[in-house]
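Okay, here's what each chain looks like letter by letter:
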Amino acid sequence: MPEGVIPLTERAAPQAAAPRRARLWPVLATLAGVLVTKAAEPHLPGAADYISSLGIVPSWAAWAGAVTGVAAVLAAASERAVRGPARSALLFTGWVACVLLLWSAVGIIFDAFRSFFWVTGIPAGDFATVDWPGFLTRAVAFAATLLLARATLAFQRRTGDGCDLCGLRPGERDRPAAWLGYTAFALAFVYPAVKYYWWAGGGIGRPDNYTEGFPVMETMLLVGGGVLSLALVSSWGLVYPFWVPFLARRRVPRMLLVSCGWGLSAALLLQGLIPVFASVNHLFGGPDLPFDSGSANSWVILAVYGGWALFGLALLGATRTYQRRTRAVCRLCGD
């Protein structure tokens, strides 16, 4: 590869080609925010219970995730001295904290939809009622999940056995991974396909009181998620294609796709793992599962939630691949 050239784009690499050290204070601030909002939640007005009563999220998840995350971040501050078993233990702690924080953010998608109906005034019955204190806690926990995952990945890269400056191993940038984007594109059809089937009159797994019209929101998810999945592994992620109005042939901002990829992946995993989180909470002594595993629509539930989780994983992998292949060439290893 010619020195000073970014793969696929043939543009000159900036002078500071290596990734910058992740700033830890935003991570610590959001983790502290989780603790503050969780403590204040019972005392704030506007509460509406439509999450906690389902038995999906234990009350201790946010506390444990935030405290564990703070411990991991503070330990990562001495990353140059962390190697071997200590590094593995720190990474394990960081990822456990991410899972706990993601668990405590379950429900934020429902909060977002309810807020939309509350703001717009579109008739939606009880679905326009928002648990504002809970929404605040879940939003901060979701932000903390993303920031802590980013910091943990950065630590994992810099302290691994790759380049001392960029963390990449030889040939890692060009490792074939287009299949992740195409897999994500295929999985984007799972949930909309179920809603199209019900809208067309299909009866398998369809709720008895199902009265929804054409699945507009699901179609938007299909189009947006599908285009994003393909853009992450094709030239669409570098230059806008000819069919994009006003932007055709212009450069695609790298952080636009990275941010969308990370955000949508986290949201999909958050929804897709709801049955898993509920099952784990039940094993820990929580209430019964909020769904009947032996019901006729259990396969539909498995397909929908499993499709979301797999879609999120594939999209996350495609996003990470896009980040690697569009990074500037490292001035130390030339990769």
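Figured I'd write up the structure that's included with this text.

### A word on helix H2 (residues 61–76)
Part 1 of the argument: Across its 16 residues, H2 extends 22 Å between first and last C-alpha, which sits within 8% of the 22 Å expected from 1.5 Å per residue.
Part 2 of the argument: Residues of H2 that are buried include every one of Ala61, Ala62, Gly65, Ala66, Gly69, Ala72, Val73 and Ala76, and no others. The buried residues of H2 occupy one face: seen down the axis, they fall within an arc of 130 degrees. Turned more than 90 degrees away from the buried face of H2 sit Val67 and Leu74, all of them exposed.
Part 3 of the argument: For H2, the elements touching its buried residues are helix H1 (25–40), helix H3 (84–104) and helix H5 (132–158).

### Points about empty space enclosed by the protein
Part 1 of the argument: This structure, assessed with the given rule, holds 2 cavities of 30 Å³ or more.
Part 2 of the argument: Here the second largest cavity is characterised by a volume of approximately 40 Å³.
Part 3 of the argument: Secondary-structure elements contributing two or more residues to the lining of the second largest cavity are helix H7 (190–199) and helix H11 (298–325).
Part 4 of the argument: Taken together, the residues of the lining of the second largest cavity break down into 7 nonpolar, no polar and no charged.

### Describing the packing of H1 against H5
Part 1 of the argument: Where H1 meets H5, the closest approach of the two axes is 9 Å, and the angle between their N-to-C directions is 155 degrees. The angle between H1 and H5 places the two elements in the roughly antiparallel class. Considering only the axes of H1 and H5, their crossing is left-handed. Contacts from Pro26, Val27, Thr30, Leu31, Gly33, Val34, Thr37 and Lys38 in H1 reach Leu136, Thr137, Val140, Ala141, Ala144, Leu147, Leu148 and Ala151 in H5.
Part 2 of the argument: Each residue belonging to the contact of H1 with H5 can be placed in one class, and the counts come to 11 nonpolar, 4 polar and 1 charged.

### Notes on the pattern of salt bridges
Part 1 of the argument: With the rule as written, the count across this model stands at 3 salt bridges.
Part 2 of the argument: Residue Asp131 is joined to Arg138 by a salt bridge in which the shortest nitrogen-to-oxygen separation is 3.3 Å.
Part 3 of the argument: A relative accessible area of 9% places Asp131 in the buried class.
Part 4 of the argument: Residue Lys195 pairs with Glu218 through a salt bridge whose shortest N-O separation is 2.8 Å. You can see Lys195 sitting in helix H7 and its partner Glu218 sitting in helix H8 (residues 216–231), a full 23 residues away along the chain.
Part 5 of the argument: The buried category is assigned to Lys195, whose relative accessible area is 4%.
Part 6 of the argument: Among the ionic contacts, a cluster of salt bridges with common partners joins Asp111, Asp131 and Arg138.

### Overview of the packing of aromatic side chains
Part 1 of the argument: Inspection of every chain in the model, using the stated rule, returns 12 aromatic pairs.
Part 2 of the argument: With centroids separated by 5.9 Å and ring planes inclined at 65 degrees, the aromatic side chains of Phe117 and Phe127 adopt a geometry described as edge-to-face. Here Phe117, found in helix H4 (residues 108–120), pairs with Phe127, found in the loop between H4 and H5; they are 10 residues apart in sequence, far enough to count as distant.
Part 3 of the argument: Among the aromatic residues, those joined into a cluster by ring pairs are Trp60, Trp103 and Phe277.

### Some remarks on the side chain of Thr326
Part 1 of the argument: If you trace the backbone, Thr326 turns up in the segment after H11.
Part 2 of the argument: Reaching out from Thr326, the side chain makes a polar contact with the side chain of Arg254 at a distance of 2.8 Å.
Part 3 of the argument: Looking at Thr326, its side chain comes within polar contact range of the main-chain oxygen of Tyr322, at 2.6 Å.

### Details of the layout of surface pockets
Part 1 of the argument: Computed from the structure, the largest pocket encloses a volume of approximately 1,900 Å³.
Part 2 of the argument: Along the wall of the largest pocket there are 45 residues; nearest its centre are Phe110, Tyr191, Lys195, Glu212 and Trp308.
Part 3 of the argument: Every element with two or more residues in the lining of the largest pocket is listed here: H4, H7, H8, helix H9 (254–272), helix H10 (274–283) and H11.
Part 4 of the argument: Ranked by the residues each element gives to the lining of the largest pocket, the list is headed by H4, at 7 residues.
Part 5 of the argument: For the lining of the largest pocket, a count of residues per class yields 36 nonpolar, 5 polar and 4 charged.

### Points about the nonpolar core
Part 1 of the argument: Membership of the largest hydrophobic core comes to 65 residues, with the highest contact counts inside it found for Val34 and Val106.
Part 2 of the argument: Ranked by the residues each element gives to this core, the list is headed by H5, at 9 residues.
Part 3 of the argument: For Val106, the contacting residues outside a window of four places in its chain are Ile51, Ile56, Val57, Arg138, Leu270, Ile274 and Phe277.

### A look at the environment of Thr159
Part 1 of the argument: Looking at the secondary structure, you find Thr159 in the loop between H5 and helix H6 (178–187).
Part 2 of the argument: A relative accessible area of 5% places Thr159 in the buried class.
Part 3 of the argument: Among the polar contacts listed, one links the side chain of Thr159 to the side chain of Arg87, at a separation of 2.7 Å.

About the cut-offs
Residues numbered from 1 in each chain as written. Predicted model: local features only at pLDDT ≥ 70, side-chain atom pairs only at ≥ 80, totals over all residues. Heavy atoms only, no water. Helix = DSSP H or I, 4+ residues; strand = E, 2+ residues; numbered from the N terminus. Expected span 1.5 Å × (residues − 1). Buried < 20%, exposed > 50% of the residue type's maximum accessible area, 1.4 Å probe, protein only. Arc of directions from axis to C-beta. Contact = heavy atoms within 4.5 Å. 1 Å grid on protein atoms, 1.4 Å probe; cavity = no way out; pocket = protein on both sides within 12 Å on 5 of 7 lines; lining within 4 Å. Points joined across faces, edges and corners; volume = space filled by probe spheres on them. Nonpolar A, V, L, I, M, F, W, Y, C, P; charged D, E, K, R; others polar. Axes fitted to C-alpha atoms, helices over the stretch in contact; angles between N-to-C directions. Parallel < 35°, antiparallel > 145°, perpendicular 65-115°, else oblique. Left-handed = near helix turned anticlockwise from the far one by under 90°. Salt bridge = Lys/Arg side-chain N within 4 Å of Asp/Glu carboxyl O. Phe/Tyr/Trp six-rings, centres within 6.5 Å; stacked < 30°, edge-to-face > 60°. Polar contact = N/O pair within 3.5 Å; in protein donor to acceptor, adjacent residues only side chain to side chain. Core = buried A, V, L, I, M, F, W, Y, C linked by side-chain atoms within 4.5 Å.

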